[in-house]
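# Structural description and commentary
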Amino acid sequence: MTELILNINTSNGLALKVDERLRYTYSNEILTYNQDYINISSIIDNKINKLVISERIGLLLRRFGIRLENNFINALLDASKLIARKLLYGAPIVVRMHNDCDGFSGAFAIFKLAEKIFNTDKIRHISFRANSSISYSLESFNYDKSFLQLFRSIEKPLIILIDFGSTKETIDIIRGNTSIDFIIIDHHPYDIDIEGIRIINSYTAINDNSITAGFMTALIAYIIEELDVYDIINSSFISDHSRYALYNDHSEKLAYVIDYMMNNKSIDYSFYKIADTIQSNETTESLYKDIIRKVNEVVTLAEKEGSLIQLRNLSIFILDLNRFDSKHRYDYPKLGKLTSYLSIDLEKKYSSVLTIAYKRKSISIRISESAGRVVDLRYIKDKLKHSDIVSIGGHMQAGSIICRSDEATEEVVDSLVDLISQRDLSISMYNS
Ligand SMILES: [Mn+2]
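Residues numbered from 1 in each chain as written. Predicted model: local features only at pLDDT ≥ 70, side-chain atom pairs only at ≥ 80, totals over all residues.

Once that is clear, we can look at the overall build of the protein chain. When you go through the protein chain residue by residue, the secondary structure sums to 17 helices and 13 strands. The buried share of the protein chain, reckoned over its 432 residues, is 38%. When contacts within the protein chain are restricted to residue pairs at least 6 apart in sequence, those whose partners lie at least 24 apart make up 66%. (Helix = DSSP H or I, 4+ residues; strand = E, 2+ residues; numbered from the N terminus. Buried ≥ 20, exposed ≤ 12 C-beta atoms within 10 Å, placed from the backbone. Contact = placed C-beta atoms within 7 Å.)

Following this line, the structure appears as structure tokens:
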């Protein structure tokens, strides 16, 4: 039997180093623990407490101008303790991230934390995987479970879901599997029963979805060990249009590059490939240039293929992405991003412009600031009635409509254009 010797340096913050033998716990190796097991718990409790940590957290929060309520900080401390325990005992962990920049940012912070604790970037017992849906599917869970079963540890395995998972399907999986610990870190709204579920959701807890999942996860990692998480947090804010975003050249490029790599349909970039890329300025810069070139090409083409309706106070640009896609074959940007980039470019030419792009069941809408004086998403939400609309979501200047079927979408777009035209006309009459 292997005896574990834990080499924990507690003189300097939580500089925890785990002995070689704890690093990988293979299934054929039954591990026993001596009294250090008890000590680890008390060390974690001593080190991760509000008094010790508050100064460090305060520094990070002040940099972004964020204030957090005490209860919420307590929830983050509890999550930090849980994750620290799992790491120190070498429990196998699955980190599942939403396949965007926010999801990656959180996972990257966990990776940097593990790298520091295990003193290597080859961490075999932690799996980093993207999740393309807002829900954790049974299929994904079964895959993750088979990974966790490769390892054996005294601590239950852990699954961390970042930037998704506030759904009934996910909660049902968690309730049904008590041999695994779960933690959800999310900022999307939910209306499900979460009794007994370890969930940290800024939207529900403190009504602030500008607190991104990437930020919360990075803060949890930062509570455990002081890490350089500023840029990665900032890129999660930028990509999610959070009000805490501090725009600077490097963070903006990071957000762009990560989002591109996480979303690419033609190349399946691994987590480690993305992590490697963004940790070098050179590779980040060169990929960024490639992406910009690509986006500009697509936007230029899209402007030629779409149609423009000139009204009195505003212009409406419409792009049928089904046709455009089959004609030009491109893999990035996707519908929502493309509509944003299109809108930014069209604003330079028409100032007051409403951009509509649609593909299959989805319609994406962007409203420039001056166009917002004529019509905004709240107006569209109130007035657009069509039996083929399943949902309308978003904020004042950006939104999306989901239709019942691919075939119905064009008709919904027509009603939308009608509604906006009438609104423009009524405002013109009112003004004159
Ligand atoms: Mn997010």
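Taken residue by residue, helix α6 (residues 138-148) has Ser 140, Phe 141, Asp 144 and Leu 148 as its buried positions. End-on, the buried residues of α6 take up no more than an arc of 95 degrees, which puts them together on one face. Turned more than 90 degrees away from the buried face of α6 sit Leu 138, Glu 139, Asn 142 and Ser 146, all of them exposed. Turning to α6, the residues buried within the fold contact β3 (93-98), β4 (126-131), β5 (158-162) and α7 (168-175). (Arc of directions from axis to C-beta.)

Another point: the pairing of strand β10 (residues 353-359). With 6 of its 7 residues buried, β10 lies for the most part within the structure. The pairing of strand β9 (residues 315-320) with β10 spans 6 bridges and is parallel. Looking at β10, one finds that Ile 316 is bridged to Leu 354. Pairing of β10 with strand β11 (residues 362-367) involves 6 bridges; the strand directions are antiparallel. Opposite Lys 359, over in β11, you have Ser 362 as the bridge partner. (Pairing = 2+ DSSP bridges.)

As a further point, take the sheet that holds β10. The mixed open sheet is built from 6 strands, whose spatial order is β8-β9-β10-β11-β13-β12. Sheet topology places β8 (307-310) and β12 (389-395) at the edges, where each strand pairs with a single neighbour. Strand-to-strand, the axes of this sheet are offset by a mean angle of 15 degrees, without reference to chain direction. Packed onto the sheet, helix α15 (residues 335-350) meets β9, β10, β11 and β13 (398-403) and runs at close to 155 degrees relative to β10. (Axes fitted to C-alpha atoms, helices over the stretch in contact; angles between N-to-C directions.)

One can find Arg 404 in the loop between β13 and α17 (409-431). When the C-alpha positions of Arg 404 and Ser 387 are compared, they lie 8.5 Å apart, and in sequence the two are 17 residues distant. In this structure Arg 404 touches Asp 388 and Val 390, once residues within four positions along its chain are discounted.

Before going further, it helps to examine the nonpolar core. Inside soluble globular proteins, nonpolar side chains tend to come together where they are buried. The biggest cluster of nonpolar side chains holds 77 residues, and the ones touching the most others in it are Val 95, Ile 160 and Ile 258. Among the elements that make up this core, the one with the highest residue count is helix α5 (residues 101-118) (11 residues). When sequence neighbours within four positions are dropped, the list of residues in contact with Val 95 reads Ala 107, Ile 110, Ile 126, Ser 127, Phe 128, Ile 160 and Ile 162. Val 298, Val 353, Val 375 and Ile 420 belong to the second largest nonpolar core, which has 31 residues in total. (Core = buried A, V, L, I, M, F, W, Y, C linked by C-beta atoms within 7 Å.)

Right, let's talk about α7 for a bit. Thr 170, Ile 171, Ile 173 and Ile 174 are the residues of α7 that are buried. Buried positions in α7, seen along its axis, are confined to an arc of 160 degrees and lie on one side of it. In this structure, the buried side of α7 is in contact with α6, β5 and β6 (181-186).

Its place among the elements puts Ile 194 in the loop between β6 and β7 (199-201). Judged by the 14 C-beta atoms lying within 10 Å of it, Ile 194 is partly exposed. As a C-alpha pair, Ile 194 and Lys 168 span 26 residues in sequence and 8.9 Å in three-dimensional space. Apart from residues lying up to four places away in sequence, Ile 194 is in contact with Ile 171 and Ile 199.

Moving on: the environment of Ser 41. Positionally, Ser 41 belongs in helix α2 (residues 36-47). For Ser 41, a count of 14 C-beta atoms within 10 Å corresponds to the partly exposed category. Remark: the alpha-carbon pair of Ser 41 and Ala 84, spanning 43 residues in sequence, is separated by 9.5 Å.

For the rest of this paragraph, the subject is the sheet that holds β3. With parallel pairing, the 5 strands of this open sheet are ordered in space as β4-β3-β5-β6-β7. A single partner strand is all that each edge strand has here, and the edge strands are β4 and β7. On average, adjacent strands in this sheet sit at an angle of 10 degrees to one another, irrespective of strand direction.

With that settled, the discussion passes to the packing of α5 against helix α10 (residues 230-239). Contact geometry for α5 and α10: axes closest at 8 Å, N-to-C directions at 165 degrees. Judged by the inter-axis angle, α5 sits roughly antiparallel to α10. As α5 runs across α10, the sense of the crossing is left-handed. Of the residues in α10, those in contact with Cys 101, Asp 102, Ser 105, Phe 108 and Ala 109 of α5 are Ile 232, Ile 233, Ser 235, Ser 236 and Ser 239. Its residues assigned to classes, the contact of α5 with α10 shows 5 nonpolar, 4 polar and 1 charged. (Parallel < 35°, antiparallel > 145°, perpendicular 65-115°, else oblique. Left-handed = near helix turned anticlockwise from the far one by under 90°. Nonpolar A, V, L, I, M, F, W, Y, C, P; charged D, E, K, R; others polar.)

In this section: the pairing of β9. With 4 bridges joining them, β8 and β9 adopt antiparallel strand pairing. Looking at β9, one finds that Leu 308 is bridged to Phe 317. Hairpin connection, β8 to β9: the antiparallel pair is bridged by 4 residues.

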